[in-house]
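This is what each chain is made of:
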Amino acid sequence: MKNTGVMGVRGNTIRRGDKRSGGLAAGRMWRGIKRHWQLYLLVAAPMAYIVIFKYIPMYGAQIAFRDYSVVKGFTGSEFVGLKHFRAFFQSPNFWLLIKNTLGISLYSLVVGFPAPIVLALALNEIRRVKFKKTIQMVTFAPFFISTVVMVSMIMIFLSPRLGFVDHIVQGLGFESINFMGSPGYFKSIFVWSNVWQGIGYGAVIYLAALAGINPELYEAAKVDGASRLQKMRHVDIPGIAPAAIILLILSVGQIMNVGFEKVYLMQNPLNVSTSEVISTYVYKIGLLGANFSFSSAVDLFNSLINLVLLISVNAVAKRISDNSLW
Amino acid sequence: MNRATAIRESVGDRVFLALIYIFLCCVLVAVLYPLIYIVSSSFSSAQAVVSGKVWLWPVDFSLMGYKVIFSNPAILTGYMNSIIYTLLGVSINVVMTVAIAYPLSRSTFVGRNLIMMLLVFTILFSGGLIPTYLTVKAVGILDTRWAMVLPGALSVFQVIVARTFFQSTIPKELGEAAELDGCSDIGFLWRVVLPLSKAIIAVLILFYAVGIWNAYFDALIYLKSPELYPLQIILRNILILNTIDATALVDANQMAARQGLRDLLKYSLIVVATVPILCIYPFVQKYFVQGIMIGSVKG
């Protein structure tokens, strides 16, 4: 994308035929801005939004280093340095939060990342258009279900009284299990229900990548007598690798962000020992407990870890595979 | 030709293909069954739902659950609010996204790299929940309808998708020709670019609409007045906050009658809350794969 930009500018320069001094170039730049003033008009509202709702909060994140008071505002409140960070690191919840957050997201990554790839690879083998379309349509449908509805479905299905899952468990001769009330099941319920909801959506990207593979590669594989499995291993997987790596980098960059919405809804007093993650903690301490500075410190710590992870994974990916975000 | 390939396929390949079919059928059942179960239960009688008689198709067909829902004022208010937020929010989102994505797609737009950097940085780093909340409060829209549409008025990810679309489908020569003919930038966007960009606009509408219709978190933190609550908050109150009854196992029989309707209501509510947003899927499906492909593969 950067390349097209540079090429475009160069194209103009050559066509207009003047490559003289920098002063002239600056003058031309201003003329360009003047002539395209309407583009700046268009950008004005979105940029105002970005500044107000994204950059002002970033500026406000400094309350993590202050004792925030409503009267004094972001910059007027007393500066206390790393007090809140220290309090967080020393709090008895710290290791539990880190353990739960990392546990859930690593589990999600290990299961949730390959799942859509497997579905896409399987679908790609199918030549019956109707069957393929049906599977795609059906697996995509849960994308439209809201988190609230998703969690209620989980609760209904896993409920010891109503749910068909428990009926099956009992039918197989086991004791009825209170899934939502057992801390041990929380991670699995969270991760696998995410797979259920997201697999069809996730597969679309890989199917698109598979559709873009050069057909000559398949013909060559056929001529070489490759089996289906070999063709998958040597043509399909390399074909989707670039998309997969980009998505992997992005999800590693989110590793400290376990979707607040779903965890919070799935939480109950019985499973809180495994379901309390950093984002739910920030919400409870910060907004419900009005502990603004402390929870901002927790949040900031979280964002920084994510940023560092994203940058390092990107650097690693760049070195070993040529695919990276930047 | 089919015959020829059939003969050439080895036993191993055929077994492998059969396994793939079995796998996909399992996936199909696993995704479809819960959906059918919910819909069937919602059309059954409370009695049948509680006693677990429903396992695939509706038992004792009844519309009781839906009658109760559509006579509940809180649910109806939530419904109306969600419709308002979705229509308003989608309009704002789409206009804002196009307004910034189009200039960013023009290679002659001075400052586009700077703006792009400012946008991408907000994906990598954010001020966090509390500073955002305090900002929304300072803007003065806390506990108003605007709190449901303004804080999320733009998704940077969608901007990138739309920009990539404009870059790859609108030939640069077209813009230059229009400029020579004296067409203004906004005129060009309105008369030439937008009619060529139906696919991406459909995708934007789909994503924003699903996002806004399904969101509950913004309402949870920004709204206090029940008359402003969107449907998802009402759902949460009915479906989730009332669900943790540990006593259910103990005296299931006694509670059955009273419980019955409440359980049935859950199924009907799920259907009622999901169907409106599902309705837009067929309309935009035509453009959908195209849109995702452009956004993801090239983006």
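Not measured: the values here are computed from a predicted model. (Residues numbered from 1 in each chain as written. Chains lettered and ligands numbered in written order. Predicted model: local features only at pLDDT ≥ 70, side-chain atom pairs only at ≥ 80, totals over all residues. Heavy atoms only, no water.)

**Student:** I'd love a proper account of the overall build of chain B, names of residues and values included.
**Tutor:** For chain B, the helix and strand inventory stands at 15 helices and zero strands. Taken across its 299 residues, chain B has 50% of its residues classed as buried. Across chain B, contacts joining residues at least 24 apart in sequence account for 73% of those joining residues at least 6 apart. Taken as a whole, chain B presents about 14000 Å² of accessible surface, with 70% of it coming from carbon and sulfur. (Helix = DSSP H or I, 4+ residues; strand = E, 2+ residues; numbered from the N terminus. Buried < 20%, exposed > 50% of the residue type's maximum accessible area, 1.4 Å probe, protein only. Contact = heavy atoms within 4.5 Å. Areas by Shrake-Rupley, 256 points an atom, 1.4 Å probe, with all protein chains shown as cover.)

**Student:** Before we move on, could you go through the overall build of chain A and cite the residues and values that matter?
**Tutor:** Summing up its helical and strand segments, chain A has 17 helices and two strands in all. For 326 residues, the compact-globule estimate of 2.2 N^0.38 gives 20 Å, and chain A exceeds it by more than 25% at 26 Å. Each principal axis of the C-alpha atoms in chain A carries an extent, and together these give about 85 × 75 × 35 Å. Look at the contacts in chain A between residues 6 or more apart in sequence, and 62% of them connect residues 24 or more apart. Within the structure as shown, chain A displays about 16100 Å² of accessible surface, and the carbon and sulfur contribution to it stands at 66%. Within chain A, one finds 31 positive and 14 negative side-chain charges whose respective centroids are separated by 11 Å. (Rg over C-alpha atoms; globule rule 2.2 N^0.38 Å. Lys, Arg positive; Asp, Glu negative; His and termini not counted. Charge placed at Lys NZ, Arg CZ, Asp CG, Glu CD.)

**Student:** Can you explain helix 16 (residues 278–288) of chain A? Please cite residues and give values.
**Tutor:** The periodicity of an α-helix, 3.6 residues per turn, causes residues three or four places apart in sequence to face the same way. Most of helix 16 of chain A is tucked away: eight of the 11 residues are buried. In the stretch just after helix 16 of chain A, A:Ala290 is the one whose phi turns positive, near 55°.

**Student:** Explain empty space enclosed by the protein to me, using residue names and the numbers behind them.
**Tutor:** All names here are of chain B. For the structure shown, the criterion picks out one cavity of 30 Å³ or more. Computed from the structure, the largest cavity encloses a volume of approximately 30 Å³. Every residue along the wall of the largest cavity is listed here: Ser82, Tyr85, Thr86, Met148, Ile212, Trp213 and Pro230. For the lining of the largest cavity, the elements supplying multiple residues, two or more each, are helix 5 (73–105) and helix 11 (198–214). (1 Å grid on protein atoms, 1.4 Å probe; cavity = no way out; pocket = protein on both sides within 12 Å on 5 of 7 lines; lining within 4 Å. Points joined across faces, edges and corners; volume = space filled by probe spheres on them.)

**Student:** So, unusual backbone geometry: which residues are in play, and what are the values?
**Tutor:** Phi is positive for A:Ala290, which is not a glycine, with a value near 55°. Within the secondary structure, A:Ala290 is located in the loop between helix 16 and helix 17 (292–321). With a phi angle near 60°, B:Asp143 is a residue other than glycine that sits in the positive phi range. With respect to the element layout, B:Asp143 can be found in the loop between helix 7 (129–139) and helix 8 (156–169).

**Student:** Give me the lowdown on the interface of chain A and chain B, citing residues and values where you can.
**Tutor:** Facing the 94 residues of chain A at the interface are 109 residues of chain B. Between chain A and chain B, the buried area comes to about 9300 Å², and carbon and sulfur atoms account for 77% of it. Joining chain A to chain B, the criterion identifies zero salt bridges. Summed over the shared surface of chain A and chain B, the number is 13 residue pairs in polar contact (both at pLDDT 80 or more). It is helix 3 (residues 37–60) of chain A that provides the largest number of residues to the side of chain A that touches chain B, a total of 19 residues. Of the residues that constitute the side of chain A that touches chain B, the class distribution is 67 nonpolar, 17 polar and 10 charged. (Buried area = accessible area lost by both parts, 1.4 Å probe. Salt bridge = Lys/Arg side-chain N within 4 Å of Asp/Glu carboxyl O. Polar contact = N/O pair within 3.5 Å; in protein donor to acceptor, adjacent residues only side chain to side chain. Nonpolar A, V, L, I, M, F, W, Y, C, P; charged D, E, K, R; others polar.)

**Student:** Tell me about the side chain of B:Arg106, and name the residues and values.
**Tutor:** Of note, B:Arg106 is situated in the loop between helix 5 and helix 6 (112–124). Taking the relative accessible area as the measure of exposure, B:Arg106 reaches 12% and is therefore buried.

**Student:** Which residues make up the pattern of salt bridges, and what are the values?
**Tutor:** Residue and element names in this part refer to chain A. Summed over all chains, the structure comprises six salt bridges over all chains. Glu125 is the salt-bridge partner of Lys231, the closest N and O atoms lying 3.0 Å from each other. With Lys231 in helix 13 (residues 228–252) and Glu125 in helix 7 (residues 114–125), this pair connects stretches of sequence that are 106 residues apart. Taking the relative accessible area as the measure of exposure, Lys231 reaches 14% and is therefore buried. Look at Glu125 and you get buried, because its relative accessible area is 1%. Salt bridges linked by common partners bring Glu125, Arg228 and Lys231 together as one network.

**Student:** Please give an account of the domain arrangement of chain A that cites residues and values.
**Tutor:** Residues and elements named next belong to chain A. When cut into domains, chain A gives domain 1 (20–81) and domain 2 (85–321). Contact residues are listed per partner, giving seven residues for domain 1 and six residues for domain 2. Together domain 1 and domain 2 conceal approximately 530 Å² of surface at their shared face, both sides included; 74% is due to carbon and sulfur atoms. Three residues stand out in domain 1 for area buried against domain 2, namely Ile63, Ala64 and Tyr68, and they jointly supply 63% of the buried area on that side. In this structure, the connection of domain 1 to domain 2 is made through zero salt bridges. Across the domain 1-domain 2 interface, the total number found is three residue pairs in polar contact (both at pLDDT 80 or more). (Domains from an automatic or database assignment.)

**Student:** Describe the nonpolar core, and please don't skip the residues or the numbers.
**Tutor:** If you look at the biggest cluster of nonpolar residues, it comprises 185 residues, and the most contacted ones within it are A:Tyr283, B:Ile100 and B:Phe166. Counting only domains with at least three residues in this core, you end up with domain 1 (20–81) and domain 2 (85–321) of chain A. (Core = buried A, V, L, I, M, F, W, Y, C linked by side-chain atoms within 4.5 Å.)

**Student:** Kindly report on the environment of B:Val275, identifying the contributing residues and their values.
**Tutor:** Here B:Val275 is to be found in helix 14 (residues 252–278). It is 35 Å that separates the C-alpha atoms of B:Val275 and B:Pro131, two residues lying 144 residues apart in sequence.

**Student:** Explain the packing of helix 17 of chain A against helix 7 of chain B to me, using residue names and the numbers behind them.
**Tutor:** Two elements in contact, helix 17 of chain A and helix 7 of chain B, have axes whose closest approach is 7 Å; the angle formed by their N-to-C orientations is 125°. What the angle tells us is that helix 17 of chain A and helix 7 of chain B run oblique. Here helix 17 of chain A contributes A:Phe292, A:Ser295, A:Ser296 and A:Asp299 to the contact with helix 7 of chain B, which in turn contributes B:Leu129, B:Ile130, B:Pro131, B:Tyr133 and B:Leu134. Looking at the contact of helix 17 of chain A with helix 7 of chain B, its residues break down into six nonpolar, two polar and one charged. (Axes fitted to C-alpha atoms, helices over the stretch in contact; angles between N-to-C directions. Parallel < 35°, antiparallel > 145°, perpendicular 65-115°, else oblique.)

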